[in-house]
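Structure assessment
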Amino acid sequence: MFTIPRHTLGALLLTTVSVVALAVPASAIAAGNDADAIAVLQKKLDQSIKMIEALTARVQELESRQGGTVAATQTASTGPATQQQVAEVEHRVQQIEAANATRQQDTTGLPIHGFADVGIGNYNPYFANYRGANIGSLDFYLTPKLGDRVLALSELIFEVGPDGSVGTDLERFQIGYQFSDAATVWIGRFHTPYGYINTALHHGVWLADALRRPKFLNFEDHGGVMPSHTVGAWLTGAQRAGDGRVLYDLYVGNAQQDSGGTVFMQNAGTAHGTVMGGGRLSYQFTGGPLDGLTVGASAFTDKVDSAQTNNLTQLRVAGIAAVYDTDSWEHIAEAYVFHDTNLNGPPGTKRSTAWFAQLGYRGAWGVPYVRYERASLDQNDLYFAEQQFGASYYRSAAGVRFDINPKSAIKFELANTHTLDFRVSDVQYGLPEDYNEVLAQYAVRF
Amino acid sequence: MHRPTIALGVALVLAGLSGAALGDDVYVICNSDVTLQAAEVKDVFLGEKGFAGSVKLSPADNGSAQTAFLGKVLKLDLAKYGSIWTKKSFRDGTNPPPIKASDAEAVAYVKQTSGGCSYVSSAPAGGVTVVGKF
């Protein structure tokens, strides 16, 4: 198709106008007659005007054709290509969305989470025979996805023990199957379901508002006097009822053993096949004025032998617990009573009690708390008498937690602890009878 | 501009933003094999309800609508939501819901996943069950 560039058309029009303009005066002078000259000039001017009009029309026509050609060319060159590109992009986006949509089912990796803490104080918060700075624990936990109903949880921890050295412990290792909301079965090593703290707060101290657990509820290798871990089977579940939920736990496992002054959960099994077992029943309010309140009762029986002596104690423990856990408050109370029988010792049942109450306020600036705890442990009960930290005591404590960010917190606690039945073994271990503590702790999760 | 004026301006902008986020509609959707009541949505996304009848629920968060969802349905902020799941995961051995990036991803996930539930910011075209509009 014939086309004239735009700049060429413009030059042609300008040249024509210029020639006409220059020719007019020359013709008039040559005529020498004004009237004739004017007539001639008028005629030529008319012709020139017609020519200009014709050229203008032609230029417009050509410009119109050229523009149409360009538009058509652009449409012809970009339309199908663009549509194809758009289709490819849409297809790609759909693929990405589909891949992301099914990402939950992939098995490309296992995230590792955990907790860690360090501290400093005039006493070690768990072992009062040590003073100064301390490393607390490095706690890794894994919750691999093994399908819709299969659950697994492992918790591997590096922590300082009573002898001051770092040890490794598989604190929890449990594999479960979820039949329904009302029934999940776990097998392995788990936290014994009693009270509230033992299953709610665990080893990661970042989880707790307070700097540490009540002394008698510490883990076995941190001075606790109760079997906080069980190796066995655990049935647990929850069912909606009224304004809340009924929660239950039933479990059976290896009977514990007193080993070196601490309660040992016998990971490999027991020498004589002795078992322990128990249950917990709780009600959790999830609406109304009592929203956040959970109350419950628990009980277990255990037959604890001794690795050092021939002591064999039948434990019968009952407890109650209440927790008020809201955005503003955390109040916890637990109480236990022990009715123990030393099967190879003096006849009769030994009664002991242990309880604590903690009040905490969750302010925007920090979480202050106060706690009182008391354990009256019969030293004629060989179960307590053989334990390194089995003496009766009471402790008053006040503390505060500051969250530096959502993953780290620093806590401070002032406490007084008084041992009620100071024993010879306590002197041997270097434990103080009455002591005031100033403690600081830096705890993180990751 | 004086500092109080700047502060007031910033506050108004933030208030407007949060108001816009909370003002957005949220549609909770589930796979067609799920029968669920709107009142149960909170339990599902906090891991307290894992089954709808015999169907195992698999909730997924939608990052593009999460702020509005948490504020309107769960009455939580993101930090509190994360804290709850950290504690629950550590206690129960469960994992928090996976996060989808957009409404389209959330809808695709729900369609493809038996027991799948999520939420979107506009009414879904179809192929999913709308449990509730919040």
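Only a predicted model underlies this, so the values are computations on that prediction, with no experimental measurement involved.

Remarks on the overall build of chain A
Regarding its fold elements, chain A presents five helices and 18 strands. Across chain A, every contact between residues at least 6 apart in sequence was considered, and the portion connecting residues at least 24 apart equals 55%.

Examining the interface of chain B and chain A
With 25 residues of chain B at the contact, the number on the chain A side is 26 residues. Listing elements by their share of the side of chain B that touches chain A, those giving two or more residues are helix H4 (78-92) and helix H5 (103-112) of chain B. Across the side of chain B that touches chain A, the residue classes break down as nine nonpolar, 10 polar and six charged.

Description of the confidence of the model for chain B
Residue and element names in this part refer to chain B. With 83% of its residues at a pLDDT of 70 or more, chain B shows a mean pLDDT of 85. Across chain B, element-level confidence peaks in strand S7 (residues 116-120) with a mean pLDDT of 97 and bottoms out in helix H1 (residues 3-23) with 46. Long-range and interchain partners of residues 4-20, a stretch whose pLDDT sits below 50, account for one contact in this model, where long-range means more than four residues apart.

Remarks on the pairing of strand S6 (residues 229-241) of chain A
Residue and element names in this part refer to chain A. Of the strand pairs in this sheet, strand S5 (residues 183-191) and S6 are connected by eight bridges, and their pairing is antiparallel. Residue pairing in the sheet places Ile187 in a bridge with Ala233 of S6. Bridge count between S6 and strand S7 (residues 244-254): 10 bridges; the pairing is antiparallel. For Ala233, the partnering residue across the bridge sits in S7 and is Val252.

A word on H4 of chain B
With 15 residues, H4 of chain B should reach 21 Å at 1.5 Å per residue; the first-to-last C-alpha distance of 21 Å fits that figure. Where H4 of chain B ends, the next residue or the one after it, Gly93 of chain B, has phi of about 75°, a positive value.

As for the environment of Gln284 of chain A
All names here are of chain A. Relative to the elements of secondary structure, Gln284 occurs in strand S10 (residues 275-285). We classify Gln284 as buried; it has 21 C-beta atoms within 10 Å. Contacts of Gln284, omitting those with residues within four sequence positions, involve Gly244, Arg245, Leu247 and Thr294.

Here's the deal with the nonpolar core
By size, the foremost hydrophobic cluster in this structure holds 42 residues, and its most contacted members are Phe216 and Val225 of chain A. If you list the elements that add at least two residues to this core, you get strand S1 (113-121), strand S11 (293-306), strand S12 (312-325), strand S13 (329-342), strand S15 (367-376), helix H4 (382-385), strand S16 (393-405) and strand S18 (434-445) of chain A. In this view, Val225 of chain A contacts Phe216, Leu377, Phe384, Gln387, Phe389 and Gly390 of chain A; residues no more than four positions away in its chain are not counted. Among the nonpolar cores identified, the runner-up in size contains 28 residues, and Ile29, Leu70, Ala104 and Val131 of chain B belong to it.

What to know about the environment of Thr353 of chain A
Residue and element names in this part refer to chain A. With respect to the helices and strands, the residue Thr353 is situated in strand S14 (residues 349-361). What makes Thr353 partly exposed here is the crowd of 15 C-beta atoms within 10 Å. In contact with Thr353, not counting residues within four places along its chain, are Tyr336, Val337 and Ser376.

Description of the pairing of strand S3 (residues 150-160) of chain A
Residues and elements named next belong to chain A. Because side chains alternate across S3, one face comprises the buried residues Leu151, Leu153, Glu155, Ile157 and Glu159, and the other comprises Val150, Ala152, Ser154, Leu156, Phe158 and Val160, none of which is buried. In this structure, strand S2 (residues 132-142) lies alongside S3, joined through six bridges in antiparallel fashion. Looking at the pairing, Ser137 lines up with Glu159 of S3. Pairing between S3 and strand S4 (residues 166-180): 11 bridges, direction antiparallel. When the bridges of S4 are listed, Val160 appears paired with Val166. Turn length for the S3-S4 hairpin, with the two strands adjacent in sequence and antiparallel, is five residues, and the turn residue Gly164 shows positive phi of about 85°.

Considerations on the sheet that holds strand S4 (residues 58-59) of chain B
All names here are of chain B. What the four strands build is an open sheet, ordered S4-S7-S1-S8; its pairing is mixed. Both edges of this open sheet fall to S4 and strand S8 (129-133), since each of them pairs with a single strand only. Summarising the sheet, S4 and S7 pair through two bridges and their orientation is parallel. Its bridge partner being in S7, Pro59 is matched across the sheet by Cys117. The sheet strands contacting H5 are strand S1 (27-30) and S7, and the helix crosses S7 at an angle near 160°.

Brief notes about the confidence of the model for chain A
Residues and elements named next belong to chain A. Model confidence for chain A is summarised by a mean pLDDT of 85, while 78% of its residues fall at 70 or above. For residues 1-32, every residue scores under 50 in pLDDT, and the model assigns this stretch 25 contacts once sequence neighbours within four places are set aside. For residues 68-77, every residue scores under 50 in pLDDT, and the model assigns this stretch two contacts once sequence neighbours within four places are set aside.

Rules used throughout
Residues numbered from 1 in each chain as written. Chains lettered and ligands numbered in written order. Predicted model: local features only at pLDDT ≥ 70, side-chain atom pairs only at ≥ 80, totals over all residues. Helix = DSSP H or I, 4+ residues; strand = E, 2+ residues; numbered from the N terminus. Contact = placed C-beta atoms within 7 Å. Nonpolar A, V, L, I, M, F, W, Y, C, P; charged D, E, K, R; others polar. pLDDT = per-residue confidence, 0-100. Pairing = 2+ DSSP bridges. Expected span 1.5 Å × (residues − 1). Buried ≥ 20, exposed ≤ 12 C-beta atoms within 10 Å, placed from the backbone. Core = buried A, V, L, I, M, F, W, Y, C linked by C-beta atoms within 7 Å. Axes fitted to C-alpha atoms, helices over the stretch in contact; angles between N-to-C directions.

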